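Results of the structural survey
Listed here are the chains, written in short residue letters.
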Amino acid sequence: MQRLDPFRADARSWPELVGKTFNEAAKKIKEDYPEAQVIQVAENSMVTMDFRLERVRVFVNAAGVVVQPPTTG
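Quick look at the structure, then. Just so we're clear, the structure is a prediction, and the values are computed from it rather than from any experiment.

1. Here's the deal with the pattern of salt bridges
Applying the stated criterion to the full structure yields 3 salt bridges. Across the salt bridge formed by D32 and K28, the nearest N and O atoms sit 3.1 Å from each other. Here D32 and its partner K28 are both found in helix α1 (residues 22-32), 4 residues apart, which amounts to about one turn of the helix.

2. Describing the sheet that holds strand β1 (residues 37-42)
Whether parallel or antiparallel, the strands of a sheet pair through hydrogen bonds between backbone atoms. Pairing in this open sheet of 3 strands is mixed, and the strands run β1-β2-β3 from one edge to the other. On the outer flanks of this sheet lie β1 and β3 (71-72), each paired with one strand and no other. For strand β2 (residues 55-60) and β3, the ladder comprises 2 bridges, and the chain directions are antiparallel. Residue pairing for β3: V56 is matched across the bridge by T72. Lying over the sheet, α1 contacts β1 and β2, oriented at roughly 155° with respect to β1.

Calculation rules
- Residues numbered from 1 in each chain as written.
- Predicted model: local features only at pLDDT ≥ 70, side-chain atom pairs only at ≥ 80, totals over all residues.
- Heavy atoms only, no water.
- Salt bridge = Lys/Arg side-chain N within 4 Å of Asp/Glu carboxyl O.
- Helix = DSSP H or I, 4+ residues; strand = E, 2+ residues; numbered from the N terminus.
- Pairing = 2+ DSSP bridges.
- Contact = heavy atoms within 4.5 Å.
- Axes fitted to C-alpha atoms, helices over the stretch in contact; angles between N-to-C directions.

In structure tokens form, the structure reads like this:
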């Protein structure tokens, strides 16, 4: 398995996960980027603006479905 290079612009987002459940998204992100800290966040929630390369926020709706592409930061 090729490891994710977090410094590549195209490697920091997972648009294919929109519409998947949080658990499906977290599993795929961890496969691509084992060091990732995958965090579930309710859509429209406020979050801090600090940048952490190992953090991947996954915004989900009330049903637990990913509503925007997860990204590092």
